There are 2 protein chains.
Amino acid sequence: MVTAVETRRQIVDAADSLFYAQGFAQTSFADIAAAVKISRGNFYYHFKTKDEILDAVIDKRLSDRRKLLAKWDETADGARKRIECFVRIVIVNQAKIMAYGCPVGTLTTELAKVDHPSSERANEIMVLFGNWLEQQFLELGCGENSRDNALHVLGWSQGVATLAQAFKDKAYVEREVSKILTWLDCIQAGTDQNRSQ
Amino acid sequence: MVTAVETRRQIVDAADSLFYAQGFAQTSFADIAAAVKISRGNFYYHFKTKDEILDAVIDKRLSDRRKLLAKWDETADGARKRIECFVRIVIVNQAKIMAYGCPVGTLTTELAKVDHPSSERANEIMVLFGNWLEQQFLELGCGENSRDNALHVLGWSQGVATLAQAFKDKAYVEREVSKILTWLDCIQAGTDQNRSQ
DNA sequence: GACGAAATTGGACAATCGTCCTAATTCATG
DNA sequence: CATGAATTAGGACGATTGTCCAATTTCGTC
């Protein structure tokens, strides 16, 4: 049975991948149609405009990231380990990052450049990570420095992704992960006096 | 007198700005023509293809950056102050970075995504900064850590630019500059025993 | 001032873009 | 099996893209 919901989901999935791999502007209706094996005209039934697809993709990404963070909240015990989960994405997703960069950063950058109406909405994914990281640093006892530390780690991830894509250097990514984890230890030692290490 | 060289220079200048503000793919011949106040057809006389304009823009950017680095090599005394010059670009060019991101990072990202033939050439601007920074760290006495430190600062700049564009937060940029300068002091103190501070 | 090269113009071109509409098909329900 | 709604297919549309060419204008040189 072919429902509209299922087809719509396939379109959004394909658009998500293609927007990531090629960029939003470079991806045409024909590209997505070919990926889903559906006629171009069929799009209009599910989405009135290309921007509507973009909004759906952003919604999906927001949902996916929320689920990922919730999983980390459950499985990893302690804020320190949860931050480490975030940091290690650049290693887990290394191959894709080297090919296409960071899915979040590259989209926000592209949309901000052309002042796209959905630019702010795309930024919310960045905000989501920022707030989650801030929460972790608060639990770590960083107090008013939590926001700064959160943005520091978030910015770090964007920088690593950009250079990873440019230089395709696995060792660099791993070194940077080590560096930020060491920094994390310093932060922890400096703010939490109850810990010996 | 209207020479071909002068017109060509105007085209490259306009393309440089537009590629930065809108992205390479989003910028059409018509856009550049309107900026230079020249007929669209005239382009073919100066450039056979759009990719040729891109190559010329990359050459210009490479040349501009080389001049900038040479200026820093002359004016700023000591590697520490030269690195600080690099770091402070994110403050000097704050307005443009918040609007369009980093000119180097956004271009390399865009070209790498679509596997553009000039992608590698665009990366050379990133390499240029990387090698220059490495040289500064060598002079600072970082030895074999110089390359790592250079990529660390380069990645830092990319991360700051990405988040600056997303959040448009001046205070964040300034805090990050302070943080990286503090880090720089630690590096210096750790590698150079002759200094008391 | 006339000549030829240099430089510019405006438009033709095929392809592709996002958008939109109509006809055909699929499918659940009676 | 018949009916009507849901879903899909295929193509038309105007606009825009990069490319290319022929005709025109500009300009230095004799």
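Above this note sits the structure.
All figures in this text were calculated on a predicted structure; none of them were measured in a lab.

**Section: the overall build of chain A**
Thinking step 1. Of regular secondary structure, chain A possesses 11 helices and 0 strands.
Thinking step 2. Its helices and strands taken in sequence order, chain A reads α-α-α-α-α-α-α-α-α-α-α from the N to the C terminus.
Thinking step 3. Across its three principal directions, the C-alpha atoms of chain A cover 65 × 35 × 35 Å.
Thinking step 4. Going through the 197 residues of chain A one by one, you find that 51% of them count as buried.
Thinking step 5. Long-range contacts, defined here as pairs at least 24 residues apart, represent 68% of the contacts in chain A between residues at least 6 apart.
Thinking step 6. Roughly 9500 Å² of accessible area belongs to chain A as shown, and the carbon and sulfur atoms make up 52% of that amount.

**Topic: the interface of chain B and chain A**
Thinking step 1. Facing the 36 residues of chain B at the interface are 36 residues of chain A.
Thinking step 2. Buried surface at the junction of chain B and chain A, summed over both partners, amounts to about 3000 Å²; 59% is from carbon and sulfur atoms.
Thinking step 3. Three residues, Lys113(B), Leu151(B) and Phe167(B), lead the burial of chain B against chain A; their summed loss comes to 21% of the area buried on that side.
Thinking step 4. At the boundary of chain B and chain A, one finds 2 salt bridges.
Thinking step 5. Here Asp148(B) makes a salt bridge to Arg175(A), at a shortest N to O gap of 3.1 Å.
Thinking step 6. Elements represented by at least two residues in the side of chain B that touches chain A include exactly helix H1 (4-22), helix H7 (94-100), helix H8 (103-113), helix H9 (119-139), helix H10 (146-167) and helix H11 (170-191) of chain B.
Thinking step 7. At 13 residues, H10(B) tops the list of elements feeding residues into the side of chain B that touches chain A.

**Comments concerning the protein's contact with DNA strand C**
Thinking step 1. Neighbouring DNA strand C are 18 residues; Lys50(A), Thr7(B), Asn42(B), Tyr45(B) and His46(B) lie closest to it.
Thinking step 2. Each atom of DNA strand C within 4 Å of the protein belongs either to a base or to sugar and phosphate, the latter forming 63%.
Thinking step 3. Between a phosphate oxygen of DNA strand C and a main-chain N or O atom of Phe29(A), the distance comes to 3.1 Å.
Thinking step 4. Counting residues per element, the ones that place at least two in the surface near DNA strand C are H1 and helix H3 (43-46) of chain B.
Thinking step 5. Along the lines of polarity and charge, the residues of the surface near DNA strand C split into 7 nonpolar, 10 polar and 1 charged.

**Things to note about the environment of Arg40(B)**
Residue and element names in this part refer to chain B.
Thinking step 1. Among the secondary structure elements, Arg 40 is positioned in the loop between helix H2 (29-36) and H3.
Thinking step 2. A sequence separation of 77 residues divides Arg 40 from Pro 117, and the C-alpha atoms of the two residues are 24 Å apart.
Thinking step 3. Setting aside residues no more than four positions away along its own chain, Arg 40 makes contact with Ala 30 and Ala 33.

**Some details on the nonpolar core**
Thinking step 1. Counting residues in each nonpolar core, the largest one holds 120 residues, and the members touching the most others are Ile32(A), Phe86(A), Ile32(B) and Phe137(B).
Thinking step 2. Each residue touching Phe137(B), except ones within four places of it in the same chain, is listed here: Ile83(B), Cys142(B), Ser146(B), Asn149(B), Ala150(B), Val153(B), Trp183(B), Leu184(B) and Ile187(B).

**A word on the side chain of His116(B)**
Residues and elements named next belong to chain B.
Thinking step 1. Mapped onto the fold, His 116 is located in the loop between H8 and H9.
Thinking step 2. The class of His 116 is buried, set by a relative accessible area of 12%.
Thinking step 3. In contact with His 116, not counting residues within four places along its chain, are Phe 24, Asp 51, Leu 54 and Leu 111.

**Here's the deal with empty space enclosed by the protein**
Thinking step 1. All chains considered together, the criterion is met by 2 cavities of 30 Å³ or more.
Thinking step 2. Lining the largest cavity are 30 residues, with Thr106(A), Thr109(A), Thr106(B), Thr109(B) and Glu110(B) sitting closest to its centre.
Thinking step 3. Secondary-structure elements contributing two or more residues to the lining of the largest cavity are helix H8 (103-113) and helix H10 (146-167) of chain A together with H8 and H10 of chain B.
Thinking step 4. The residue makeup of the lining of the largest cavity, split by class, is 6 nonpolar, 20 polar and 4 charged.
Thinking step 5. There is about 30 Å³ of room inside the second largest cavity.
Thinking step 6. Taken together, Lys113(A), Phe19(B), Tyr20(B), Gly23(B), Phe24(B), Arg61(B), Pro103(B), Thr106(B), Leu107(B) and Glu110(B) make up the full set of residues lining the second largest cavity.
Thinking step 7. At the level of secondary structure, the elements contributing two or more residues to the lining of the second largest cavity comprise H1 and H8 of chain B.
Thinking step 8. Of the residues assigned to the lining of the second largest cavity, the class counts are 5 nonpolar, 2 polar and 3 charged.

**Things to note about the relation of the copies chain B and chain A**
Thinking step 1. Once turned by 180 degrees and shifted 0.0 Å along the axis, chain B lies on chain A with an RMSD of 0.0 Å. A rotation of that kind, with that shift, is consistent with a two-fold axis. It is Gly159(B) whose C-alpha, among those of chain B, lies nearest the rotation axis, at 1.9 Å.
Thinking step 2. Interface residue correspondence from chain B to chain A reaches 100%, placing this contact among same-surface, isologous pairings.

**Concerning H10(A)**
Thinking step 1. Compared with an ideal rise of 1.5 Å per residue, which puts 22 residues at 32 Å, H10(A) spans 31 Å between its outermost C-alpha atoms and is within 8% of the ideal.
Thinking step 2. At the C-terminal side of H10(A), Lys168(A) shows a positive phi close to 50 degrees.

**Some points on the protein's contact with DNA strand D**
Thinking step 1. The local shell around DNA strand D holds 17 residues, among which Thr7(A), Gly41(A), Tyr45(A), His46(A) and Lys50(B) are the closest.
Thinking step 2. Considering the 4 Å shell around the protein, atoms of DNA strand D inside it are sugar or phosphate in 63% of instances.
Thinking step 3. At 3.3 Å from a sugar or linking oxygen of DNA strand D is found a side-chain nitrogen or oxygen belonging to Asn42(A).
Thinking step 4. The backbone of Lys50(B) places a nitrogen or oxygen atom 2.8 Å from a phosphate oxygen of DNA strand D.
Thinking step 5. Those elements that provide at least two residues to the surface near DNA strand D are helix H1 (4-22) and helix H3 (43-46) of chain A.
Thinking step 6. Broken down by class, the residue content of the surface near DNA strand D amounts to 7 nonpolar, 9 polar and 1 charged.

**Thoughts on the packing of aromatic side chains**
Thinking step 1. For the structure on display, the rule yields 12 aromatic pairs over all chains.
Thinking step 2. The interplanar angle of 70 degrees and the centroid separation of 5.3 Å between the aromatic rings of Tyr20(A) and Tyr100(A) together place this pair among those described as edge-to-face. Here Tyr20(A) is found in helix H1, whereas its partner Tyr100(A) is found in helix H7 (residues 94-100), with 80 residues between them in sequence.
Thinking step 3. Lying over the aromatic face of Tyr44(A), Lys48(A) brings its terminal NZ or CZ to 5.0 Å of the ring centre.
Thinking step 4. Across from the ring centre of Phe24(B), 4.5 Å away, lies the NZ or CZ of Lys50(B), which sits over that ring.

About the criteria used
- Residues numbered from 1 in each chain as written.
- Chains lettered and ligands numbered in written order.
- Predicted model: local features only at pLDDT ≥ 70, side-chain atom pairs only at ≥ 80, totals over all residues.
- Heavy atoms only, no water.
- Helix = DSSP H or I, 4+ residues; strand = E, 2+ residues; numbered from the N terminus.
- Buried < 20%, exposed > 50% of the residue type's maximum accessible area, 1.4 Å probe, protein only.
- Contact = heavy atoms within 4.5 Å.
- Areas by Shrake-Rupley, 256 points an atom, 1.4 Å probe, with all protein chains shown as cover.
- Buried area = accessible area lost by both parts, 1.4 Å probe.
- Salt bridge = Lys/Arg side-chain N within 4 Å of Asp/Glu carboxyl O.
- Near = heavy atom within 4 Å.
- Polar contact = N/O pair within 3.5 Å; in protein donor to acceptor, adjacent residues only side chain to side chain.
- Nonpolar A, V, L, I, M, F, W, Y, C, P; charged D, E, K, R; others polar.
- Core = buried A, V, L, I, M, F, W, Y, C linked by side-chain atoms within 4.5 Å.
- 1 Å grid on protein atoms, 1.4 Å probe; cavity = no way out; pocket = protein on both sides within 12 Å on 5 of 7 lines; lining within 4 Å.
- Points joined across faces, edges and corners; volume = space filled by probe spheres on them.
- Least-squares fit on C-alpha atoms with pLDDT ≥ 70 in both.
- Expected span 1.5 Å × (residues − 1).
- Phe/Tyr/Trp six-rings, centres within 6.5 Å; stacked < 30°, edge-to-face > 60°.
- Lys NZ or Arg CZ within 6 Å of the ring centre and 35° of its normal.

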